[in-house]
Amino acid sequence: MADFLLELLTEEIPARMQPAAAAQLKERFEALLANVGLSAERLETHATPRRLALLAYGIPDSSAPLSEERRGPRADAPAAAIAGFLGSTGMAREQLEERETDKGRFLFATIRRPGQPAADLLAGRMPAMLAGFAWPKSMRWEDTGFRWVRPLRSVVAILDREIVPFDVAGLASGRLTHGHRIMGGREPFEIVSAATHRDQLRATFVILSADERAAIIREKAAAAAAAVGLTLVADEALVAENAGLTEWPVPLLGRFDPAFLTVPPELLALTMKVNQKYFACLDRDGKLAPAFVCIANLEAPDGGKAIVAGNERVLAARLSDARFFWEQDLKVPLEEQAAKLSGILFHEKLGTMADKVERVAKLARWLVETYPAQFPGATPDLVERAARLCKADLVTGTVGEFPELQGIIGGHLARAQGEPPEVVEALRQHYAPVPEGAVPVAVALVDRIDTLARFFAADLKPTGSRDPFALRRAALAILDMLVEGQLRLRLNGLFAAAATTEAGELLGFLADRLKVQQREAGVRHDLIDAVFALGGEDDLVRLLARVMALQAFVETEAGANLLAGFKRAANILKAEERKDGPHDGPVAPALLMAPAERELDTALEAAQAAVEAAVAAEDFTAAMQTLAALRPLVDRFFNEVTVNAADPALRRNRLALLAKLRDTANLVADFSRIEG
């Protein structure tokens, strides 16, 4: 067994492309091995800013020998036919085997090909593997037309300690590579083998593993902040990005002028992250501190003082730009900003953003006027004010420069301009998945409902995997707010108030999203279908409460048995109603001959009233318990009574009794839709 190393030294690979490139290199090499009849016990791929590396452990010295059997002509065929077969196989007549078949006696040749050396197989196919590499963006820089993300500088290909020779991009493979661009020296050095590769790179200040670089950044950046009494703001995306920017990461603490702290902290932190790849720090009170941690790519002789000073100068300029945008926006009242929304198109079929704000303001006011108990403390005036300002920050210079801060900047501007705290929070949380507080929830909920309703009314609905307007996400946000806030709203009325005629379709769309949302909570989708199928239920909080009680019921032994009885009744009715129409007329007591059917009818009379009362009181557990009490009577009925009696009158009456049983069950759910 041998170990193989491939290292591709290149100019800087963008950090965002490195994980996918490492994964693709592994996939392509696995395919190459499979195509040539080789395998590896273990594969590793690594990416740094300057290199892609693959290490394959436990490759056989050669591919497995191949054996192919060919059937030739009949044993008594003309000499010319046999000679042709011998020529095609390269064998002599005495090497052929004669064998009886169901069609006669034929000649067979067994052709054995020895395995090929692994080094030859790799050398022959490596150029094609690399030529087919897919990058989001690539370039050509030499005459062969080879494309790569950045120019290749060297190729190391070693099987055990021997070079695997091939040419790619005008370079011959070998064992020479370079270490760290600055600390590793200018001269190349030779890689001995796959086993020594990692340690040889480390000796020249290159950490091959991205996970190890990330761990160093995570640990030492936090330590640098803690050393001066600060807490690093954790950001795994920023950790991964810096790991992709450095081969020898060295976290360094820097400072910025505390005067910048008059700017919203989110704006400062985002400027540091997006523009400079710096980590923000918090003080002991959890507030943004005038400090940052940057990740250098070398250990400087002065301990990083010059690097920190340079980064502080660059950051000061960036923060000055952010402060300029913020101070300019402070000068303009939010009402004036909101007026500019008439110049922003929401959608060609749905008008401008100002039109949307007007709809949301009116609907939000209607919502809290109609359901005051669901939004305690949210007065119509407060909600309407928040709704009219909720999109105003979209036209600010700050959000134009930093779109990620929409809503957050609106909240800061509202606070600075003296808006009520409820309005401030509504603007700040406007794009949050689940806002907190009556006013923020009312405005955010209505905004999503308007989006959903208007796009459906304009026939711009999601189809298959296409959802260009993120309506499924809007639906999930609506459900999250309703369920987590336990908001008791009649959605059909709300959709009607949103001026749409698509209420039924919208409710079905939300029900489908509800199944997706509740799947993670362990709620069965068929039970949601069973309750929703009854119709008339547009209070999703109540619907879920009924579903939860139903699930607890059907998962018991008594519930499962009763479910089987209800389904049996429904199936009999379905079959018989195809023949002679509905059997939902009243049950005639005089025709109840068997004790089992009389007892069931009496029990159903009481059960119907009890279930109706329990459902009206939203005591769904009590409704299920009432149904559960019917189980022995249903079992006895089916054991002792023949439904399709010879007497037509008895048959009709017993079918009516089964319809009564079905209708009693349907007071809770459509049991025919429940699986199992």
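Here the structure is a predicted model, which means the values were calculated and not measured.

Undergrad: Just give me the short version of the overall build of the protein chain, but keep the residues and values in it.
TA: A count of helices and strands for the protein chain gives 25 helices and 20 strands. Compactness check: the protein chain gives a C-alpha radius of gyration of 37 Å against a globular reference of 26 Å for 676 residues, more than 25% above the reference. Here the contacts in the protein chain between residues at least 6 apart in sequence split such that 68% fall between residues at least 24 apart. Of the roughly 31,200 Å² that the protein chain leaves accessible, carbon and sulfur atoms contribute 52%. Averaging the locations of the 79 positively and 92 negatively charged side chains of the protein chain gives two centres separated by 3 Å.

Undergrad: An account of the packing of helix 15 (residues 438-457) against helix 18 (residues 503-519) is requested, with residue identities and associated values reported.
TA: With their axes 10 Å apart at the nearest point, helix 15 and helix 18 run at an angle of 125° to one another. As the angle between them shows, helix 15 and helix 18 are arranged oblique. For the element pair helix 15 and helix 18, the recorded crossing hand is right-handed. In this structure, helix 15 contributes Leu452, Ala453 and Phe456 to the contact, and helix 18 contributes Glu505, Leu506, Phe509 and Leu510. Taken together, the residues that form the contact of helix 15 with helix 18 break down as six nonpolar, no polar and one charged.

Undergrad: Please set out the sheet that holds strand 15 (residues 231-232) residue by residue, giving values where relevant.
TA: What the four strands build is an open sheet, ordered 15-17-18-16; its pairing is antiparallel. This sheet does not close on itself; its edge strands, each paired only once, are strand 15 and strand 16 (250-255). Relative to strand 18 (residues 288-296), strand 16 runs antiparallel, the two being bridged by six bridges. For Leu253, the partnering residue across the bridge sits in strand 18 and is Val293. The sheet contacts of helix 5 (residues 210-226) involve strand 15, strand 16, strand 17 (279-282) and strand 18, and relative to strand 16 the element is tilted by about 30°. Along the sheet, helix 8 (residues 305-330) makes contact with strand 16 and strand 18, crossing strand 16 at roughly 55°.

Undergrad: Lay out the side chain of Gln517 in plain terms, naming residues and giving numbers.
TA: Residue position: Gln517 is located in helix 18. The exposure class assigned to Gln517 is buried, which follows from its relative accessible area of 17%. At a separation of 2.8 Å, a polar atom in the side chain of Gln517 contacts the side chain of Gln518. Sequence-distant contacts of Gln517, defined by excluding residues within four places in its chain, comprise Leu476, Leu479, Asp480 and Val483.

Undergrad: Outline the pattern of salt bridges, supporting the account with residue identities and numerical values.
TA: As enumerated under the stated definition, the model contains 55 salt bridges in all. Put simply, Arg388 and Glu358 hold a salt bridge, and the shortest N to O gap is 2.7 Å. A residue pair is termed long-range when its members are at least 10 positions apart, and Arg388 in helix 11 (residues 380-389) and Glu358 in helix 10 (residues 353-370) qualify at 30 residues. Judged by its relative accessible area of 31%, Glu358 falls in the partly exposed class. Asp529 is the salt-bridge partner of Lys515, the closest N and O atoms lying 2.6 Å from each other. Of the two residues, Lys515 is situated in helix 18 and Asp529 in helix 19 (residues 525-532); the sequence distance between them amounts to 14 residues. By relative accessible area, Lys515 is classed as buried at 16%. A cluster of three or more residues bridged by salt bridges with shared partners is formed by Glu358, Lys362, Arg365, Glu369, Asp381, Glu384 and Arg388.

Undergrad: Which residues make up helix 18, and what values do they have?
TA: Between its first and last C-alpha, helix 18 extends 24 Å over 17 residues, near the 24 Å set by a 1.5 Å rise per residue. The inward-facing, buried residues of helix 18 abut helix 15, helix 16 (471-484), helix 17 (491-497), helix 19 and helix 20 (540-554).

Undergrad: An account of the layout of surface pockets is needed here, citing residue identities and associated values.
TA: Here the largest pocket defines a volume of roughly 570 Å³. Lining the largest pocket are 20 residues; nearest its centre among them are Tyr431, Thr451, Phe469, Ala470 and Arg473. Those elements that provide at least two residues to the lining of the largest pocket are strand 19 (345-347), helix 10, helix 15 and helix 16. Among the residues making up the lining of the largest pocket, the classes are represented as eleven nonpolar, four polar and five charged. Space inside the second largest pocket adds up to approximately 320 Å³. Taken together, 17 residues make up the lining of the second largest pocket; nearest its centre are Pro19, Ala47, Ala210, Asp211 and Arg213. Taken together, the elements giving at least two residues each to the lining of the second largest pocket come down to helix 1 (18-36), strand 2 (42-48), helix 5 and helix 6 (236-243).

Undergrad: Tell me what's going on with the packing of aromatic side chains, and back it up with residues and numbers.
TA: Using the criterion set out here, one finds 15 aromatic pairs in the structure. Plain terms: the ring middles of Phe133 and Trp148 are 4.9 Å apart, the flat faces sit at 45° to each other, and that makes the pair tilted. In this pair, Phe133 sits in the loop between helix 3 (118-131) and strand 7 (139-140) while Trp148 sits in strand 8 (residues 147-148), placing the two residues 15 residues apart along the sequence. Assigned by exposure class, Phe133 and Trp148 land together as buried.

Undergrad: Break down the sheet that holds strand 10 (residues 162-163) for me, with residues and values.
TA: An order of 2-3-1-9-10 is seen for the five strands of this open sheet, with the pairing classed as antiparallel. Because the sheet does not close on itself, it has two edges, and the strands there are strand 2 and strand 10. Direction of pairing for strand 1 (residues 2-10) relative to strand 9 (residues 152-159): antiparallel, over a ladder of seven bridges. Of the residues in strand 9, the one forming a bridge with Glu7 is Val156. Sheet strands in contact with helix 4 (residues 194-203) are strand 1, strand 2 and strand 3 (51-59), and its direction is about 40° off that of strand 1.

Undergrad: Tell me about the packing of helix 11 against helix 15, residues and numbers included.
TA: Helix-helix packing is described using two parameters, namely the angle between the two axes and the distance between the axes. In the contact formed by helix 11 and helix 15, the axes pass within 9 Å of each other and the chain directions differ by 55°. Judged on the interaxial angle alone, helix 15 and helix 11 are oblique. Remark: the crossing between helix 11 and helix 15 carries right-handed chirality. Contact residues: helix 11 offers Leu382, Val383, Ala386 and Ala387, while helix 15 offers Val439, Ala442 and Val443. Looking at side-chain class alone, the contact of helix 11 with helix 15 contains seven nonpolar, no polar and no charged residues.

What counts as what
Residues numbered from 1 in each chain as written. Predicted model: local features only at pLDDT ≥ 70, side-chain atom pairs only at ≥ 80, totals over all residues. Heavy atoms only, no water. Helix = DSSP H or I, 4+ residues; strand = E, 2+ residues; numbered from the N terminus. Rg over C-alpha atoms; globule rule 2.2 N^0.38 Å. Contact = heavy atoms within 4.5 Å. Areas by Shrake-Rupley, 256 points an atom, 1.4 Å probe, with all protein chains shown as cover. Lys, Arg positive; Asp, Glu negative; His and termini not counted. Charge placed at Lys NZ, Arg CZ, Asp CG, Glu CD. Axes fitted to C-alpha atoms, helices over the stretch in contact; angles between N-to-C directions. Parallel < 35°, antiparallel > 145°, perpendicular 65-115°, else oblique. Left-handed = near helix turned anticlockwise from the far one by under 90°. Nonpolar A, V, L, I, M, F, W, Y, C, P; charged D, E, K, R; others polar. Pairing = 2+ DSSP bridges. Buried < 20%, exposed > 50% of the residue type's maximum accessible area, 1.4 Å probe, protein only. Polar contact = N/O pair within 3.5 Å; in protein donor to acceptor, adjacent residues only side chain to side chain. Salt bridge = Lys/Arg side-chain N within 4 Å of Asp/Glu carboxyl O. Expected span 1.5 Å × (residues − 1). 1 Å grid on protein atoms, 1.4 Å probe; cavity = no way out; pocket = protein on both sides within 12 Å on 5 of 7 lines; lining within 4 Å. Points joined across faces, edges and corners; volume = space filled by probe spheres on them. Phe/Tyr/Trp six-rings, centres within 6.5 Å; stacked < 30°, edge-to-face > 60°.

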